[in-house]
Amino acid sequence: MDVREQLLILRRSWRLITALALLGTIVAGIASMVTPTSYTASTSLFVSTQNSETSAELQQGSVFALARVQSYVDVSTKPTVLQPVIDKLGLGISPDALASKIKASTARNTVIIEIEARDGSAQRSADIANAVAASLITAVADLERPTNGTPTPVRLSPVDHATTPTEKSSPNVKLDLALGLLYGLAAGIGAAVLRHVLDRNIRTETDLRKTTGLPLLAGITEHAAGRLLGAAPSVLDGSGAEAFRKLRTNLQFAGVNRPMRSIVVTSASAGEGKSTVALNLAMTVAKGGRKVILVDADLRLPSVATATGIEGEIGLTTVLVGTSGLDESIQYWGQDGLALLASGPLPPNPSELLGSAAMSNLIEELQTKFDLIIVDSPPILPVADASVLTRSTDSVLLVVGTKKVTQHSLSKAIDQLNFVDANILGVVQNRIPRRGPDANTAYMAGYGASHPDRLPPAPDHHDDVPFRPAHVQRGKFVSAET
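First, a word on what this report is: a plain description of the structure on this page. (Residues numbered from 1 in each chain as written. Predicted model: local features only at pLDDT ≥ 70, side-chain atom pairs only at ≥ 80, totals over all residues. Heavy atoms only, no water.)

## Some words on the overall build of the protein
Counting secondary structure elements, the protein contains 17 helices and 14 strands. Sorting the 482 residues of the protein into buried and exposed places 46% on the buried side. A separation of at least 24 residues holds for 80% of the contacts in the protein among residues at least 6 apart in sequence. (Helix = DSSP H or I, 4+ residues; strand = E, 2+ residues; numbered from the N terminus. Buried < 20%, exposed > 50% of the residue type's maximum accessible area, 1.4 Å probe, protein only. Contact = heavy atoms within 4.5 Å.)

## What to know about the packing of helix α2 (residues 14-34) against helix α7 (residues 173-198)
Two numbers describe how α2 lies on α7: the axes approach to 7 Å, and their chain directions differ by 150°. Classified by the interaxial angle, the pair formed by α2 and α7 is roughly antiparallel. Crossing geometry of α2 relative to α7 is assigned as right-handed. Tallied by class, residues from the contact of α2 with α7 come to 13 nonpolar, seven polar and two charged. (Axes fitted to C-alpha atoms, helices over the stretch in contact; angles between N-to-C directions. Parallel < 35°, antiparallel > 145°, perpendicular 65-115°, else oblique. Left-handed = near helix turned anticlockwise from the far one by under 90°. Nonpolar A, V, L, I, M, F, W, Y, C, P; charged D, E, K, R; others polar.)

## With respect to α7
Count 3.6 residues to each turn of an α-helix, and residues three or four apart come out pointing the same way. Look at α7: 37 Å from first C-alpha to last across 26 residues, which is about the 38 Å you get at 1.5 Å a residue. Listed as buried for α7 are G180, G184, G188, A192 and H196. Each element contacted by the buried residues of α7 is listed here: α1 (3-12) and α2. (Expected span 1.5 Å × (residues − 1).)

## Quick notes on the packing of aromatic side chains
Following the criterion strictly, the structure yields zero aromatic pairs and no others. A cation over a ring is seen here: K291 above F370, with NZ or CZ 5.8 Å from the ring centre. (Phe/Tyr/Trp six-rings, centres within 6.5 Å; stacked < 30°, edge-to-face > 60°. Lys NZ or Arg CZ within 6 Å of the ring centre and 35° of its normal.)

## Side note on the pattern of salt bridges
Tallied over the entire structure, the rule returns 11 salt bridges. Across the salt bridge formed by D119 and K101, the nearest N and O atoms sit 2.8 Å from each other. Taken together, the residues span a long stretch of sequence, with D119 in strand β3 (residues 112-119) and K101 in the loop between α5 (95-99) and β2 (102-106) at a distance of 18 residues. The class for D119 is buried, based on a relative accessible area of 3%. Residue K101 is classed as partly exposed on the basis of its relative accessible area of 28%. Linking K274 and D376 is a salt bridge whose minimum nitrogen-to-oxygen distance equals 3.1 Å. Here K274, found in helix α10 (residues 274-287), pairs with D376, found in strand β10 (residues 372-376); they are 102 residues apart in sequence, far enough to count as distant. With relative accessibility at 1%, the residue K274 sits in the buried group. Given the relative accessible area of 0%, D376 is considered buried. Among the ionic contacts, a cluster of salt bridges with common partners joins K101, D119 and R124. (Salt bridge = Lys/Arg side-chain N within 4 Å of Asp/Glu carboxyl O.)

## A look at the environment of G322
Tracing the chain through its elements places G322 in the loop between α12 (316-321) and α13 (326-329). Along the sequence, G322 and A358 sit 36 residues apart, while their C-alpha atoms lie 9.4 Å from each other.

## Brief notes about the sheet that holds β2
In space, the four strands of this open sheet follow the order β2-β3-β1-β4, with antiparallel pairing throughout. Every interior strand has two partners, whereas the edge strands, β2 and β4 (154-160), have only one. With strand direction ignored, the average angle separating the axes of adjacent strands in the sheet is 25°. Relative to β4, strand β1 (residues 39-49) runs antiparallel, the two being bridged by six bridges. The partner of L45 across the bridge, within β4, is P158. (Pairing = 2+ DSSP bridges.)

## Digging into the side chain of S13
Here S13 lies in the loop between α1 and α2. Owing to a relative accessible area of 2%, S13 belongs among the buried residues under this scheme. When residues no more than four places from it in sequence are discounted, the contact partners of S13 are A192 and R195.

## Here's the deal with empty space enclosed by the protein
Under the counting rule described, the total for this entry stands at three cavities of 30 Å³ or more. By volume, the second largest cavity is sized at about 50 Å³. When contributions to the lining of the second largest cavity are tallied by element, the ones reaching two or more residues are α9 (240-254), α10 and β10. Per element, the largest residue contribution to the lining of the second largest cavity is three residues, and it comes from α9. Each residue belonging to the lining of the second largest cavity can be placed in one class, and the counts come to six nonpolar, one polar and two charged. (1 Å grid on protein atoms, 1.4 Å probe; cavity = no way out; pocket = protein on both sides within 12 Å on 5 of 7 lines; lining within 4 Å. Points joined across faces, edges and corners; volume = space filled by probe spheres on them.)

## Details of unusual backbone geometry
For the bond from S170 to P171, the omega torsion is 0°, close enough to zero to count as cis. Within the fold, P171 resides in the loop between β4 and α7. At K403, a residue that is not glycine, the phi angle is positive and equals roughly 65°. Residue placement: K403 occurs in the loop between β11 (395-401) and α17 (407-419).

Given below as structure tokens:
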């Protein structure tokens, strides 16, 4: 993980990190408020040996004291030492309870014992510390007394006496808040890294290139306003048109070595925006002066008729079963004469109908009438319709919705297309954020839609739209000025 990826994680999850940092600070503040006030007093004892006259005896005594000092630290919290303290001060608690208030320690390679006593009363904490030190001196003298009645060779001497503390030792509000903030930040960063590792959604162009080596033909940014591109062809003259003009140009280069008369526009799963891309691509090609038709072959959730306001009860299925002719089923829409073939009534067997000989014959007939056929198909993974359509069409354009599909799902969809020997022209990364950590500044154009797959409905005639839409008529195009 390089520095750029680390910064991306922080930018992507800054809200989570901030929330956990604040939560840690709040919890620490509450803990400080409910923590009882306590005071800490301390005293010190020096461990030495007696009757050491020569330098050799002094050396032996020093080694003896170092070896014993840790044992004396352990003894300081035993009932042998603490019970006399309880009796002397009249504490009325058990030795174990008093032991929880005592902390005895010694630094490495020293013979000094530090005794700390903590209590809710400042004066009592000092009294306990001094009493424990005095009791430890007596207890060690009894424990180390030789059996022959000679004086004990060990002596514990007070270095200083505990005094009444003037400031409380707990709670330390500033320290608690700082630790709470630190622990909250650590938890937030850890959660952000875990979220990044577990998140397999395609968010950036880097994620896309890690998943597939297919060419990235265009990047379409999301549009905050959500204006109806499908119902307003003139909007494509603005910034939203640039991305689709780039896609149109790149498709021409992608098909330079292989004839490209028909393109299936699909995606790995639902919700990635394939239908919107198909419609706007068809509009852009029509603006370029080519004769193009958009065929709504999504016979499960069709959306072209709803988006454009054309009649949906006559179209692809009625042509395939022979209840209507092709010429009377084609409808024209927009100022550029974009031809549309709606889905028609939904059949009970979409896959069989799309894979029939009638469908292949229809594509061949459309190729004699139009320069390019764009087919809006269902997503690849849920159903087999898109794979079936590749038999009668030249190529496939794969739409990848940002944050809508996982790397595994996209790889599985590509494998499925490769299995049927589909000619995949490339991918279109759709709905790239305009702002935020996942935004790609290379793509400055975008388009809006109320839903990524189901195209927005045509506006009501009373809506204040900056254009007058063309009339829709089957079989021929009639402009609004006619």
